[in-house]
Amino acid sequence: MKMAFGEALIYSLLGMLVVFFALILLMICIKILVAVTDRKKKEEPVAAAAEPAAAEPVLATGTAGDIKLYNTDPRDAAMVMAIVADTLGKPLNELRFISIKEVEE
Amino acid sequence: MENILQILGRVWETSGFALMLDDWRQLVMIIVACFLLYLGLVKKFEPLLLIGIAFGMLLTNLPGAGMYTPELWDLYIANGTEVAALSPELQAFIAEHGLIFADGVVNLTFTELIHAGGLLDILYIGVKIGLYPSLIFMGVGAMTDFGPLIANPKSLLLGAAAQLGIFGAFFAATFFFPANVAASIGIIGGADGPTAIWLTSKLAPEYLAPIAIAAYSYMALIPLIQPPVMKLLTTKEMRETKMEQLRPVSKTQKILFPIIVTIFVCLLLPSVAPLLGCLMLGNLFKESGLTDRLSDTAQNALMNIVTIFLATSVGATARYDRFLNLQTILIVVLGLAAFEIATIGGLLFGRIMYRVTGGKINPLIGSAGVSAVPMAARVSQKVGQEANPSNFLLMHAMGPNVAGVIGSAVAAGFLLALFGQ
């Protein structure tokens, strides 16, 4: 059965209202979610920041003794140094590495 | 010799060529199916769906093939009705197929339907019970990044505004159709194929083919439909607006988002739970990082299988005696109006946000609120870049774009709650 003009208009407006209402409430939910998770994230680095100060860099064995490795395995460090030497075309003993640090995303 | 002629005569009588002479509309539908195949294969209009839909349409209009039997579905809908109260055509169908109903009341089960129907009738069960659209939504969820929406929650407003297309077309359609059909026509404005099929299969299954074809055809034509309206409703200065980079979204936020949306929206509109629940489940598979195999299955193998079933069975509903009429043309026209109204709604709200934020939001991203992921967002990017080559709106437009998917699902839930039986 076809609807009356006024009834159809009311249903249409009501539909738009319901969609806006639902999505505005969803927007508020997302804002709360973002606020809560971001606050937690900010608190975490404060606690984590204290730890690295205590961690001393590891000195790689078999080198001149002054290369410092931060969160890097000596085998990986050796590989990195070999790649750099090969890329530069210079023997390893002519290069001096100060430190190698793993970059975390 | 006489026997041979009799045999040949019988072969001719039972052939589709002879049966086609009974009604010329079958030939017209075969031509229409071939034209849609041309659009899909040559013009590449949504080929993943249009080819399946067109082929389903071709199969169902081959006389004598019996691939799809709409009369069976009419009987299924008429379950509980007395046989004597059915139309003469349906009564003749019951007699012809030897269907017997106890107490003279129609009571057709899926088992009987499978026995009496053709291959496409069996596939159509998944449409009828709303299985395919929900599974497609699961795949869509597994492929969608809600990050831009979480980064800029205001996008949801643009997604909501673009639903004006649904309710505008619904309002216009009520002048010509009953409310349940008008609601199904309106949902074309959601520019979301699975939602359109899901709602229509529940409210007006007899109009499924024209509505699905209109929805998918216009989605494919979005790069042609939207830009003129976008340019008409925005100034060059507005289109040139560059937007600030979106803030990064954490993994925790992306994981919590589908859970919160499911709980919240499904509590508000329980009728939308099958669609939105599956959309968010697929997204959770993707974002959790623990279910890569399931995410991969949802967005590839499962999605592909369901797409084949969905497209061919929806196409099959376009049988000549039900498709070739003025109502189909009216649906196609109203569908186009729905898309344009949706674009206008998103753009006008985009303009409001442009003013309110002091020119920080480019109103072009409003047109992406019509869903049609990611095509509509790409169109926003393209039109924005035409105005200002250094403009990159794609990620900003993805926010309203995915908000439109949620918005159209909410609108579908609302219409189902109103007009569903």
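Residues numbered from 1 in each chain as written. Chains lettered and ligands numbered in written order. Predicted model: local features only at pLDDT ≥ 70, side-chain atom pairs only at ≥ 80, totals over all residues. Heavy atoms only, no water.

1. Considerations on the overall build of chain B
Stage number 1. When you go through chain B residue by residue, the secondary structure sums to 25 helices and 0 strands.
Stage number 2. Its C-alpha radius of gyration of 23 Å places chain B within 12% of the 22 Å reference for a compact globule of 421 residues.
Stage number 3. For chain B, the spread of C-alpha atoms along the three principal axes comes to 85 × 45 × 40 Å.
Stage number 4. Looking at the 421 residues of chain B, the share that counts as buried comes to 57%.
Stage number 5. Entry remark: accessible area of chain B is about 17500 Å², with carbon and sulfur atoms responsible for 67%.
Stage number 6. For chain B, the distance from the average site of its 23 positive side-chain charges to the average site of its 25 negative ones is 18 Å. (Helix = DSSP H or I, 4+ residues; strand = E, 2+ residues; numbered from the N terminus. Rg over C-alpha atoms; globule rule 2.2 N^0.38 Å. Buried < 20%, exposed > 50% of the residue type's maximum accessible area, 1.4 Å probe, protein only. Areas by Shrake-Rupley, 256 points an atom, 1.4 Å probe, with all protein chains shown as cover. Lys, Arg positive; Asp, Glu negative; His and termini not counted. Charge placed at Lys NZ, Arg CZ, Asp CG, Glu CD.)

2. Details of the interface of chain B and chain A
Stage number 1. At the interface, 40 residues of chain B touch 29 residues of chain A.
Stage number 2. Carbon and sulfur atoms supply 86% of the area that chain B and chain A bury against each other, a total of about 3000 Å² over both sides.
Stage number 3. Contact with chain A buries surface across chain B, with Leu156, Phe171 and Phe264 of chain B losing the most and accounting together for 18% of the total.
Stage number 4. Put simply, chain B and chain A have 0 salt bridges between them.
Stage number 5. In this structure, the connection of chain B to chain A is made through 3 residue pairs in polar contact (both at pLDDT 80 or more). (Contact = heavy atoms within 4.5 Å. Buried area = accessible area lost by both parts, 1.4 Å probe. Salt bridge = Lys/Arg side-chain N within 4 Å of Asp/Glu carboxyl O. Polar contact = N/O pair within 3.5 Å; in protein donor to acceptor, adjacent residues only side chain to side chain.)

3. A short note on the nonpolar core
Stage number 1. One finds Leu75, Phe146, Ile185, Phe257, Ile406 and Leu415 of chain B to be the most contacted residues of the largest nonpolar core, which totals 152 residues.
Stage number 2. Here this core takes 14 residues from helix H25 (residues 394-419) of chain B, the largest share from any one element.
Stage number 3. When sequence neighbours within four positions are dropped, the list of residues in contact with Leu75 of chain B reads Leu86, Leu90, Phe93, Ile94, Leu99, Val106 and Leu108 of chain B.
Stage number 4. Ile67, Met81, Phe97 and Ile100 of chain A belong to the second-largest nonpolar core, a separate cluster that totals 6 residues. (Core = buried A, V, L, I, M, F, W, Y, C linked by side-chain atoms within 4.5 Å.)

4. Looking at empty space enclosed by the protein
All names here are of chain B.
Stage number 1. Taken as a whole and assessed by the stated rule, the structure comprises 1 cavity of 30 Å³ or more.
Stage number 2. The computed volume of the largest cavity comes to approximately 130 Å³.
Stage number 3. If you trace the largest cavity, you find it lined by Tyr68, Pro70, Trp73, Asp74, Ile77, Tyr124, Lys128, Pro205, Glu206, Thr317 and Arg322.
Stage number 4. Sort the elements by how many residues they give to the lining of the largest cavity and helix H5 (residues 70-77) lands first, with 4 residues. (1 Å grid on protein atoms, 1.4 Å probe; cavity = no way out; pocket = protein on both sides within 12 Å on 5 of 7 lines; lining within 4 Å. Points joined across faces, edges and corners; volume = space filled by probe spheres on them.)

5. Section: the state of the cysteines
Residues and elements named next belong to chain B.
Stage number 1. Summed over the entire model, instances satisfying the criterion amount to 0 disulfides over all chains.
Stage number 2. Cysteine Cys266 shares no disulfide, and the gap to the nearest cysteine sulfur, in Cys278, comes to 9.7 Å.
Stage number 3. Under the relative-accessibility criterion, Cys266 is labelled buried at 14%. (Disulfide = S-S within 2.5 Å.)

6. Observations concerning the domain arrangement of chain B
Stage number 1. Taken domain by domain, chain B holds domain 1 (69-112) and domain 2 (131-419).
Stage number 2. Summarising the inter-unit geometry, the C-alpha centres of domain 1 of chain B and domain 2 of chain B are found 37 Å apart. (Domains from an automatic or database assignment.)

7. Description of helix H15 (residues 208-220) of chain B
Stage number 1. Between its first and last C-alpha, H15 of chain B extends 18 Å over 13 residues, near the 18 Å set by a 1.5 Å rise per residue.
Stage number 2. For H15 of chain B, the tally of buried residues reaches 13 of 13 residues, placing the bulk of the element in the interior. (Expected span 1.5 Å × (residues − 1).)

8. Things to note about the pattern of salt bridges
All names here are of chain B.
Stage number 1. According to the stated counting rule, one finds 9 salt bridges over all chains in the structure shown.
Stage number 2. A salt bridge links Lys254 to Asp145; the shortest N-O distance between them is 3.3 Å. Remark: Asp145 occurs in the loop between helix H9 (131-143) and helix H10 (147-151) and Lys254 occurs in helix H18 (residues 251-268); sequence separation between them is 109 residues.
Stage number 3. With its nearest N and O atoms 3.1 Å apart, the salt bridge here joins Lys231 to Glu386. A residue pair is termed long-range when its members are at least 10 positions apart, and Lys231 in helix H16 (residues 222-232) and Glu386 in helix H24 (residues 375-387) qualify at 155 residues.
Stage number 4. Note on Lys231: relative accessible area 38%, which makes it partly exposed.
Stage number 5. On the basis of relative accessible area, Glu386 is assigned to the partly exposed category, the value being 46%.
Stage number 6. Three or more residues joined by partner-sharing salt bridges are found here, namely Glu71, Arg319 and Asp321.

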